[in-house]
Amino acid sequence: TDLEVTHWWTSGGESAAVAELAKAFDATGNHWVDGAIAGSGGTARPIMISRITGGDPMGATQFNHGRQAEELVQAGLMRDLTDVATAEHWKDIIRPASLLDSCTIDGKIYCAPVNIHSWQWLWLSNAAFKKAGVEVPKNWDEFVAAAPALEKAGIIPLAVGGQPWQATGAFDVLMVAVAGKDTFNKVFKDKDAEVAAGPEIAKVFKAADDARRMAKGSNVQDWNQATNLVITGKAGGQIMGDWAQGEFALAGQKAGTDYTCLPGLGVNEIISTGGDAFYFPLLKDEEKSKAQAVLAKTLLDPKTQVAFNLKKGSLPVRGDVDLAAANDCMKKGLDILAKGNVIQGTDQLLSADSQKQKEDLFSEFFANPSMTPEDAQKRFAKIIASAD
Amino acid sequence: MADVGTLNTTVAGIDAVAPRLGEGPSGAKPRPALSSRNIMLYGTLTIAALYYLLPLYVMVVTSLKGMPEIRLGNIFSPPMEITFEPWVKAWAEACTGLNCDGLSRGFWNSVRITVPSVIISIAIASVNGYALANWRFKGSELFFSILIIGAFIPYQVMIYPIVIILREIGIYGTLTGLVIVHSIFGMPILTLLFRNYFVSLPEELFKAARVDGAGFWQIFLKIMLPMSLPIFVVAMILQVTGIWNDFLFGVVFTRPDTYPMTVQLNNIVNSVQGVKEYNVNMAATILTGLVPLIVYFVSGRLFVRGIAAGAVKG
Amino acid sequence: MTGQAQAGRPIKLLRNLNAKIASIPMILTALVIFVGGTFWTVFYSFTNSKLLPRLSFVGIDQYERLWAAPRWVTAIENLALYGVLSLVFSLVIGFMLAALMDQKIRFENTFRTIFLYPFALSFIVTGLVWQWVLNPDFGIQSVVRSMGWTSFTFNPLYTPEIVIYGILIAALWQGTGLVMCLMLAGLRGIDEDIWKAARVDGIPMWRTYLFIVIPMMRPVFITTIVIIASGIVKVYDLVVAQTSGGPGISSEVPAKYVYDYMFQAQNLGQGFAASTMMLVTVAIIIVPWAYLEFGGGRKRG
Amino acid sequence: MNVNSSVSNSSVSIKDLSLNFGAVSVLKDLNLDINDGEFLVLLGSSGCGKSTLLNCIAGLLDASEGQIFIKGKNVTWEEPKDRGIGMVFQSYALYPQMTVEKNLSFGLRVAKVPQAEIDKRVARASEILQIQPLLKRKPAELSGGQRQRVAIGRALVRDVDVFLFDEPLSNLDAKLRSELRVEIKRLHQSLKNTMIYVTHDQIEALTLADRIAIMKSGIIQQLDDPTTIYNRPRNLFVAGFIGSPSMNFLRGELVKSGDGIAFSANGVIFSLAAYEASETLQPGRKVVLGVRPEHIKVNENVGGEEHDATVDIEEPMGADNLLWLKHAGHTMSVRVNGARRFNVGAKVKLSFDMTVASVFDAESELRL
Amino acid sequence: MNVNSSVSNSSVSIKDLSLNFGAVSVLKDLNLDINDGEFLVLLGSSGCGKSTLLNCIAGLLDASEGQIFIKGKNVTWEEPKDRGIGMVFQSYALYPQMTVEKNLSFGLRVAKVPQAEIDKRVARASEILQIQPLLKRKPAELSGGQRQRVAIGRALVRDVDVFLFDEPLSNLDAKLRSELRVEIKRLHQSLKNTMIYVTHDQIEALTLADRIAIMKSGIIQQLDDPTTIYNRPRNLFVAGFIGSPSMNFLRGELVKSGDGIAFSANGVIFSLAAYEASETLQPGRKVVLGVRPEHIKVNENVGGEEHDATVDIEEPMGADNLLWLKHAGHTMSVRVNGARRFNVGAKVKLSFDMTVASVFDAESELRL
Ligand SMILES: Nc1ncnc2c1ncn2[C@@H]1O[C@H](COP(=O)(O)OP(=O)(O)OP(=O)(O)O)[C@@H](O)[C@H]1O
Ligand SMILES: Nc1ncnc2c1ncn2[C@@H]1O[C@H](COP(=O)(O)OP(=O)(O)OP(=O)(O)O)[C@@H](O)[C@H]1O
Ligand SMILES: [Mg+2]
Ligand SMILES: [Mg+2]
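The structure presented is a predicted model; accordingly, all values stated were derived computationally and were not measured.

Draft legend 1. Region of the structure containing the overall build of chain B. The secondary structure content of chain B amounts to 14 helices and zero strands. Ordered by position from the N terminus, the helices and strands of chain B form the series α-α-α-α-α-α-α-α-α-α-α-α-α-α. Expressed as a percentage of its 314 residues, the buried residues of chain B come to 61%. Considering only residue pairs separated by 6 or more positions, chain B has 71% of its internal contacts joining residues 24 or more positions apart. If you sum the accessible surface of chain B, you get close to 11,900 Å²; carbon and sulfur atoms cover 69% of it.

Draft legend 2. Layout of the environment of Leu254 of chain E. By secondary structure assignment, the location of Leu254 of chain E is in strand β11 (residues 248-257). Apart from residues no more than four positions distant in its own chain, Leu254 of chain E is found in contact with Ile261, Ala262, Leu272, Leu281, Gln282, Pro283, Gly284, Arg285 and Val287 of chain E.

Draft legend 3. Up close: the state of the cysteines. Counted by the stated rule, this structure contains one disulfide over all chains. Paired through a disulfide, Cys103 of chain A and Cys111 of chain A show a sulfur-sulfur distance of 1.6 Å. Sign of the S-S torsion, about -90° for the bond between Cys103 of chain A and Cys111 of chain A, identifies this disulfide as left-handed. An identical accessibility class is assigned to Cys103 of chain A and Cys111 of chain A; each is buried. In this structure Cys48 of chain E is a free cysteine whose sulfur lies 13 Å from that of Cys56 of chain E, the closest cysteine sulfur available. Residue Cys48 of chain E is classed as buried on the basis of its relative accessible area, which comes to 4%.

Draft legend 4. Summary view of the arrangement of the chains. Highest in contacts among the eight pairs of chains that touch are chains B and C. Nowhere do chain A and chain E come into contact; their C-alpha atoms are at least 49 Å apart.

Draft legend 5. Local environment of the UniProt feature "transmembrane region" (unreviewed entry) in chain C. Residue and element names in this part refer to chain C. The UniProt entry lists residues 21-46, 79-101, 113-133, 162-187, 208-233 and 272-292 under the feature "transmembrane region" (unreviewed entry), expressed in the numbering used here. For residues 79-101, the end-to-end C-alpha separation is 31 Å, with 100% helix and 0% strand making up the annotated structure. From the first C-alpha to the last, residues 162-187 spans 34 Å; its make-up is 96% helix and 0% strand.

Draft legend 6. Spatial organisation of the interface of chain C and chain B. Facing 93 residues of chain C, the contacting portion of chain B comprises 93 residues. Summing both sides of the interface, chain C and chain B together bury roughly 8,600 Å²; the carbon and sulfur share of this comes to 78%. Taken together, the connections running from chain C to chain B amount to zero salt bridges. Counting across the chain C and chain B interface gives seven residue pairs in polar contact (both at pLDDT 80 or more). Residue composition of the side of chain C that touches chain B, grouped by class: 67 nonpolar, 19 polar and seven charged.

Draft legend 7. Layout of the side chain of Ser13 of chain E. All names here are of chain E. With respect to the secondary-structure elements, Ser13 resides in strand β1 (residues 10-21). On the accessibility criterion, Ser13 (1% relative accessible area) is buried. Of the polar contacts made by the side chain of Ser13, one reaches the side chain of Lys15; its length is 3.1 Å. Here the side chain of Ser13 touches Asp33 through a polar contact of 2.5 Å, side chain to side chain.

Draft legend 8. Representation of the sheet that holds strand β7 (residues 162-166) of chain D within the structure. Residue and element names in this part refer to chain D. Pairing within the open sheet is mixed, and its six strands lie in the order β6-β7-β8-β3-β9-β10. Strands at the two margins of the open sheet, each flanked by one partner only, are β6 (85-88) and β10 (219-224). Mean inter-strand twist for the sheet, computed between neighbouring axes without regard to direction, equals 20°. One ladder, built from five bridges, connects strand β3 (residues 39-44) with strand β9 (residues 211-216); its direction is parallel. Each residue of the ladder has a partner; that of Gly44, found in β9, is Met215. Against the sheet, helix α5 (residues 144-157) engages β6 and β7, with an angle of about 170° to β6. Each of β3, β7 and β8 (194-199) touches helix α6 (residues 174-191); the most contacted strand, β8, lies at about 160° to it.

Draft legend 9. Quick peek at the site of ligand 2. Residue and element names in this part refer to chain E. Phe21, Val26, Ser45, Ser46, Gly47, Cys48, Gly49, Lys50, Ser51, Thr52, Glu167 and His200 make up every residue found near ligand 2. Gly49 places a main-chain nitrogen or oxygen 3.0 Å from an oxygen atom of ligand 2. Separating an oxygen atom of ligand 2 from a side-chain N or O atom of Glu167 is a distance of 2.9 Å. Across the complex, the protein chains shield 55% of the 630 Å² of accessible surface that ligand 2 would expose by itself. In the shell around ligand 2, the residues fall into three nonpolar, seven polar and two charged.

Draft legend 10. Here's a closer look at the pairing of strand β19 (residues 347-352) of chain D. Residues and elements named next belong to chain D. Bridge count between strand β15 (residues 296-298) and β19: three bridges; the pairing is antiparallel. Following the sheet pairing, Ile296 is matched in β19 by Phe352. Here five bridges tie strand β16 (residues 306-317) to β19, and the two strands are oriented antiparallel to one another. Looking at β19, one finds that Asp308 is bridged to Lys349.

Draft legend 11. Summary view of the site of ligand 1. Residue and element names in this part refer to chain D. Taken together, Phe21, Val26, Ser45, Ser46, Gly47, Cys48, Gly49, Lys50, Ser51, Thr52, Glu167 and His200 make up the full set of residues near ligand 1. The side chain of Glu167 places a nitrogen or oxygen atom 2.9 Å from an oxygen atom of ligand 1. The fraction of the free accessible surface of ligand 1 (630 Å²) that becomes covered by protein chains is 64%. Across the shell around ligand 1, the residue classes break down as three nonpolar, seven polar and two charged.

Draft legend 12. Main features of the UniProt feature "transmembrane region" (unreviewed entry) in chain B. In the numbering used here, UniProt assigns the feature "transmembrane region" (unreviewed entry) to residues 39-60, 113-133, 142-163, 169-194, 215-238 and 282-304 of chain B. Secondary structure within residues 169-194 of chain B divides into 81% helix and 0% strand; the distance between the first and last C-alpha atoms comes to 29 Å.

Draft legend 13. Broad picture of the nonpolar core. Formed by 333 residues in total, the largest nonpolar core has its most connected members in Trp90 of chain A together with Phe115 of chain C. Per-element tally for this core: the top contributor is helix α8 (residues 163-188) of chain C, with 16 residues. Other than its neighbours up to four places away in sequence, Trp90 of chain A contacts Leu81, Val84, Ala85, Leu100, Ile109, Cys111, Ala112, Ala296 and Leu300 of chain A. Counting residues in each nonpolar core, the second largest holds 73 residues, with Ala128, Phe143, Ile231 and Ile270 of chain A among its members.

Draft legend 14. Looking closely at the pattern of salt bridges. Applying the stated criterion to the full structure yields 71 salt bridges over all chains. A salt bridge links Asp210 of chain A to Arg213 of chain A, with the nearest nitrogen and oxygen atoms 2.9 Å apart. With Asp210 of chain A and Arg213 of chain A both in helix α11 (residues 199-214), this residue pair falls three residues apart, about one helical turn. A residue is classified by how much of its surface remains accessible, and Asp210 of chain A, at 15% relative accessible area, is buried. With a shortest N-O distance of 3.7 Å, Asp82 of chain E and Lys81 of chain E are connected by a salt bridge. With a relative accessible area of 37%, Asp82 of chain E lands in the partly exposed category. Because the salt bridges share partners, they merge into one network encompassing Lys356, Glu359 and Asp360 of chain A together with Arg71, Glu252, Lys256 and Asp260 of chain C.

Draft legend 15. Quick peek at the environment of Leu135 of chain E. Residue and element names in this part refer to chain E. Here Leu135 lies in the loop between α4 (115-128) and α5 (144-157). Residue classification places Leu135 among the buried residues on the basis of a relative accessible area of 16%. Spatially, the C-alpha atoms of Leu135 and Val150 are 9.2 Å apart, while their sequence positions differ by 15 residues.

About the cut-offs
Residues numbered from 1 in each chain as written. Chains lettered and ligands numbered in written order. Predicted model: local features only at pLDDT ≥ 70, side-chain atom pairs only at ≥ 80, totals over all residues. Heavy atoms only, no water. Helix = DSSP H or I, 4+ residues; strand = E, 2+ residues; numbered from the N terminus. Buried < 20%, exposed > 50% of the residue type's maximum accessible area, 1.4 Å probe, protein only. Contact = heavy atoms within 4.5 Å. Areas by Shrake-Rupley, 256 points an atom, 1.4 Å probe, with all protein chains shown as cover. Disulfide = S-S within 2.5 Å. UniProt positions renumbered as here; feature names shortened; annotations may be inferred. Buried area = accessible area lost by both parts, 1.4 Å probe. Salt bridge = Lys/Arg side-chain N within 4 Å of Asp/Glu carboxyl O. Polar contact = N/O pair within 3.5 Å; in protein donor to acceptor, adjacent residues only side chain to side chain. Nonpolar A, V, L, I, M, F, W, Y, C, P; charged D, E, K, R; others polar. Pairing = 2+ DSSP bridges. Axes fitted to C-alpha atoms, helices over the stretch in contact; angles between N-to-C directions. Near = heavy atom within 4 Å. Core = buried A, V, L, I, M, F, W, Y, C linked by side-chain atoms within 4.5 Å.

Written out as structure tokens, the structure reads:
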């Protein structure tokens, strides 16, 4: 049966990873009809939602699991996957459990998580630091200290693309690294505006101010263009999620020798466990509905998980798979995961609305040097206060 | 002005001495080809033309370069080595997700979307304009005013209501639905142009046809249409351009196998493997713009004539 | 009215029946889409609809939040600035080009085609190309610098203060050709005798244009302004393709705010509130004018 | 409604017709009966509602009130094509993309008349109008006069009862105008159709009409044959409107003079003994005396007193010579033979032919 | 060439003027001297080059060859505003968004004439043209005649030597046209400026002109005062062009008849004994006899033979009555007094007044 799957995985590493999913699904005798829409979730999501609400749903669609699809589920537009999940014992195999929790609404499971993404990485170009004549930093503070040397060598210290979510992501990462897991949870999970206005977060803003200064001059829009600055040594580093690793891999670079990755910015080795999941709109066609179940099952198949995540540069959602082929950075991630140093991603903690407001704030903050960290923090606290 | 008058007579006295042909100015006033007026005129036009041509030049030149050459940095320098590789790639090989057939697939989808959309939207708007110009009825001007105000409503605002309406009619996601959407959003400006054009045609022609016994449709088809080529060309150009270049509706109201070329273009341009392949992007960009461009070059002269007729009357 | 007394007076509604039938698409569009859609939007702007429209009213909360959002304020400011500049420059440049083209020049067709062709390209393409031409690392700035003028700085797209001008450059490039055509058409419609009269009166060319010809071209200007202005209000693709609203939020526009909040932030209520504000603004400017211009039973022509 | 009898012998009959454009009332309670085969001219200055009336008859405008009968049938709500009318417009209104032949036959083809019949009628019309050689041309390739002939032909082929002309000759130059005028007259003589002809040119009205209806602001001022209109205008407006140059008007009052009645203005006395209705005139009444330029004789007595005048302007018009004279504070126009020439400033003697003069009440403006 | 004298007393003088539009030659070696204070009318049918000539004089078109003098000064290369001319256009060409006052004064303000002077001139012009009450209105609020008056005023305020009129009255209706004609005539009499007036309406030409220049295809056919043009047209074209209805033309040949010369056509003989140049006529020559409609008498002998004819059409025109008669295979128009009426088909006797007839050579078309 043909099943149309929409997603926004179109960059090099991503599409290679999707191909693995498609291959596995086709192997079950069905057919994966690819519906890629480029330009990140912001472009793709409205299209997906329009189609689902417009009565012309696809077979399956990617969302960042968490709260993005909540209302679609509540409106009864999504297929209940509990049957598949029970049959496949997802409760036992998916780890961390919070991933499945995000898919669960009123006790029913509505999505199949496929990977774990973590934001908390600093990617560094070894070549750039060599050129600037400084050691490759081992944590954020060293990195900040090395910035002047990089600048002198004509290298942008920190690459940040122009898209708003990149600045926001970088800030969240700095928050975990600088203020720690508890503060992070207080702010984003408990929506504690007082903490958000407090001295801990002020430190984070101080760090963000540094980042802002270091990011001056990165005239690129897309995240992978920013990553490319690092790959080519035009920039010293980039704060970006583990998906950046795919780009390094595609460029033929090797972790450790060509580039260095610092989870948790080398300060606080904690990673967030956001990720992608597939949702399955409710279809009238029996056949397709069955195929959906098959796809859901395939997505969590150990072999698929390994193949997909290796290409994607993310971590599998099952703890029981063998990742011998994983590279340095991925192994670091797995270690942290195993230690349980995990937090939930902001996607899961905040509504898209609050996320967007945050994005507006941080993209402005990063682009506008005249905005003081204090002002920014005030606005940040306000957003947290009204967040849901 | 009496003083000027006397001045003239004195001048006349001087002139009268020998005002015979061949002395004094005679024939056409000499106008050197390089008069300061011409230099100004053609100079300004040429500079303006350069500004308009610059991006096209950059696009073409870049699309003919290889990536190594592009990295050298000067986007204005002509290609040292012309390669058509980017064009081939943009047309047939570039990947979006798993589909690696470039723009070619989107091209035919675009054609399938554009042709009926252009025809139907123009058909509807021309009939509207005709009815508004020649068959006014109570309220027709009100609807027209609403339509004109509708021209100012951002498309995004209307997506939700339209999705709901199309869903209720049950044509969401079909070509019919998309054609309707294009007709709706083309209607305000096109109706304005058609109405103005038909108003500018002599009213007596319309009356004569009515006396001759022709009805609403006969007058439209046999009398008005044959006289309206210019405005149809204008409408066609506007609609071909608008619909061919449309991204938002194309992506919201179609499915992957019927995505128009612009969606494909977006996918190619926005999904990059590390380095952006500028040459492929530029080739893809030119390829996407090619159809409207050809329509322009073929019908440019009629365009101006038609615009004239469609605009002159408010 | 003596209607009933007269033999065979037909029912009013049925007169011009064909015209009315033919206008059904227009009437439906006007009523269902534009009026209906607008009311629907306004209605739901008082709810806190998130991903899907739902009827939970929150009064004017959305509007309060909207006007408290710096991004919205920036967007409105940008639109005002961009709108005024774009309208003025389109008209001025378009008119000047048309005036030049109207001097019985040679190669008129060539020039006209050159000025008009960008209109065939979508805003996405336009944005992309100009993003590139204006890119400081390999666009105009780098080329000029590589020619020796190393302090040359022309980097509008990454300079928040002037980014809107970078967008303006691209928008004008794309749209002035059409304006020029409209203006040229209008100029060609001016009575020859007016020019002659002005020459005999000894009125210099520029004054003839300014005080006589331009006022005479009112209808052309109106059509042109409708076309340009409706494009300005809707400007979205160009900004997305060129800057994504950046750097920061410095090139945000209202249409993008609407789109982002409706679809990315999944806060329909907020998006609807923003679109309602746009509509209100447009209506305040347009409705009285449209009434004067098109409504009110004005005489034919 | 029992209007049959009054309707039966008229070809077109208009009853209490009113028409408003919004708040503006253009036609007011208009009544008009046009006989079968009559050539009726609607004459009036620009904007008086002539075209509006014609459009009402044609069915191109809906009356606000009133009824229209054509050939005894109430056509008030009929479609134009069902009224048995043909219409010719000032701007010709030929279909530019069709050849002359197609132009002529369009109405017939719309009505699905068989081709043989169409050919016959086109042949007949083009013969009558002598446009056979033009049949294959397009309107753009025709001269103004030829175009207007085709436009007439278009009405001709439809074999209609009533022809409506809306200033058909206004767009032509003087020479063509007089030629086509004769042709239309001849056409009417041979076809004997009812024709309603709108013009603001009084020469056309006088030469063509069986009867002339003179309109002013949507009201018919006088409906009569040309001679009566010219010689016995019903009121001041008609008198001033008809005749070129205009009738000379003198304001004054009636006085007794000797045995009869006389007119006095600015102290000058004109005997009205010869006036046709002199017995009805009452002394003391304020009146306007109207005398046509050709009824004033220069240096030639036709009876009555002689008046001194000075030549102010001379307008030689070929066959005639028009003099503008100053006479006792009035300016007066006088038409003399083209061969008689005067110098500006010359003193002349005037003699008024009162048998053909008109006297109007100064207040009601009606002829006495 | 010793043309000093001819230039010094002419206001406008045109020497060997030629003008081509691309390959089309519109004016051919044209020479014209217009006297100071003269009212010259350029008369010709559409497209003959009248406007082109006027535009050359105004400086709005560059001559291809030749020279133009105004007030003795060679202005061939001058700008229009420096030629001392004012121009009035058929379409009025008023500046639509300015009030009448602004329209009048715009040229002066541009020329930086002091405000007091502007006011004075506007006041004077508007007084002459009686447009004071309209000064604050815009052109759209004026009637055609008022607009044309303002257009004339615009030339008036500029105090120019030469007025150029390009069919100023063509857009007006018949009545207004005759009124404004008188006003222009009066204006000329009071201003005594040189005026060059283009028209294709012969009535305007005949009434207004001191001299008329009749043009055909860019060549002046005859330049003479109206009476001469009317009575002694130099050639067939002029004879046919002037007069309404046209002169009646009969083709035939000269024959001997008794003691004198006679004209014979279709076997009918007309004695030419009374013709003014009868002695120069040679028998056997193929000629065209031209007789004006008012020079044929009906049932009234003015000498010479009488001819039988039948009334074909009667066109009553108020003061006159125009008869179209069939006579020996010709159609002939005859003008009689408006009071004399005839029935169609009536048999009448015609008598031709040969003293004022014209005889043209059939080949050269020149008057003999
Ligand atoms: N569609 C309309 N709406 C409003 N007023 C109109 C309309 N058509 C005509 N009028 C007015 O009605 C009056 C009569 O117009 P109409 O065209 O009948 O005049 P007319 O006698 O034919 O004049 P003309 O000789 O200029 O053709 C005019 O004052 C005109 O302004
Ligand atoms: N700009 C031009 N280019 C080419 N031919 C022209 C141009 N202007 C006029 N002509 C031609 O020159 C001839 C004379 O034109 P002109 O306007 O002088 O005629 P006219 O006597 O004024 O006629 P009308 O009475 O119609 O105004 C015409 O045959 C016309 O087609
Ligand atoms: Mg009319
Ligand atoms: Mg002319």
